[in-house]
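The chain contents come next:
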Amino acid sequence: MNIETGYFFISDITGYTQFLAHSELDHAKEILDALFESILENIEPPLIVSNTQGDAIICYAPSHAFHQPGQLLDVMERTYFDFRRLLQLMKLNNTCDCNACLNMSALDLKIFLHYGEYLVQQIGTKTDLQGADVILAHLLMKNSVFDKFGLPGYGLLTDAALRAMGIDPSAEGMLAHIEQYEHYDAINVYIHDVPRRSLAPEPLQATNTNAIAINTARVAKILPVICGRKEGCFPRYTYTNESNILLGRE
Ligand SMILES: [Zn+2]
């Protein structure tokens, strides 16, 4: 087994447990499946999905696989943006009054990026990551960010990840923060307020046709998965015209 150095990219849905606990399972599952699919759409090589744990999708990539590791910040932003856009579209195109459909807008997304050493262990067809940095990447999901900043959705990048990517957190407007975990030294992290950044331009306006085309193409692949399945759940709009889906027109 070789020790490798690379990035850990973990997505974690805010409000997942509460959403499942208080929602009708059939529609909740469809909504969550679509959101997971939206996240996975953005996980492309060299990022590799290691495994999933509940609502968390754990991915990694060896550092030598990147010419420009700074692209991971773009992946983080795009993943968040697509997740929120899909939620908006599902909400907009939904007339169902079940708890799942009513409560879905309480969901949000957190994405964690850390850098360090790991071992890849192959168990059957599954890969498992091992090492102190892997454990730390998982620990980051339990943090004090909401208590301190009040953000339900954000990107959290460790100092180690930012250094490895050559990104200056202050130039990106990230917020400095410190987390402390048992058996580890205090860890410097930076909070990337992706919602403020990516949702700043009103996403449902048709002014930026390029952005709309790209995002519509992505969600149009996902929407039929939900829309075609349950009668009465998403009946208000038709889904044949992609630009009309986005603009909420029939
Ligand atoms: Zn419903």
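As the structure is a computational prediction, the values presented were derived from the model and not from experiment. (Residues numbered from 1 in each chain as written. Predicted model: local features only at pLDDT ≥ 70, side-chain atom pairs only at ≥ 80, totals over all residues.)

**Section: the overall build of the chain**
Counting its regular elements, the chain contains 10 helices and eight strands. A total of 250 residues make up the chain; the buried ones form 36% of that total. Long-range pairs, those at least 24 residues apart, make up 73% of the contacts in the chain between residues at least 6 apart in sequence. (Helix = DSSP H or I, 4+ residues; strand = E, 2+ residues; numbered from the N terminus. Buried ≥ 20, exposed ≤ 12 C-beta atoms within 10 Å, placed from the backbone. Contact = placed C-beta atoms within 7 Å.)

**Points about the nonpolar core**
Tyr7, Phe9, Ile10, Ile31, Leu35, Tyr60 and Leu113 are the most contacted members of the largest nonpolar core, which totals 52 residues. For this core, the element with the highest residue contribution is helix H3 (residues 71-92), accounting for 10 residues. (Core = buried A, V, L, I, M, F, W, Y, C linked by C-beta atoms within 7 Å.)

**Describing the packing of helix H2 (residues 25-41) against H3**
In contact at an axis separation of 9 Å, H2 and H3 are set at 150° when each is read in the N-to-C sense. Put simply, H2 runs roughly antiparallel to H3. In terms of crossing hand, the pair formed by H2 and H3 is right-handed. Touching Ile31, Ala34, Leu35, Ser38, Ile39 and Glu41 of H2 are Thr79, Asp82, Phe83, Leu86 and Met90, all from H3. The residue makeup of the contact of H2 with H3, split by class, is seven nonpolar, two polar and two charged. (Axes fitted to C-alpha atoms, helices over the stretch in contact; angles between N-to-C directions. Parallel < 35°, antiparallel > 145°, perpendicular 65-115°, else oblique. Left-handed = near helix turned anticlockwise from the far one by under 90°. Nonpolar A, V, L, I, M, F, W, Y, C, P; charged D, E, K, R; others polar.)

**A few points about the environment of Ile178**
Following the sequence through the fold, Ile178 ends up in strand S7 (residues 175-179). The contacts of Ile178, once residues within four sequence positions are left out, are Ala186, Ile187 and Asn188.

**Notes on helix H5 (residues 132-139)**
All of the buried residues in H5 are Asp133, Val134 and Ala137. Seen along its axis, H5 keeps its buried residues to an arc of 105°; they face one direction. Where H5 is buried, its residues meet strand S1 (4-14), strand S4 (108-123) and strand S5 (126-130). (Arc of directions from axis to C-beta.)

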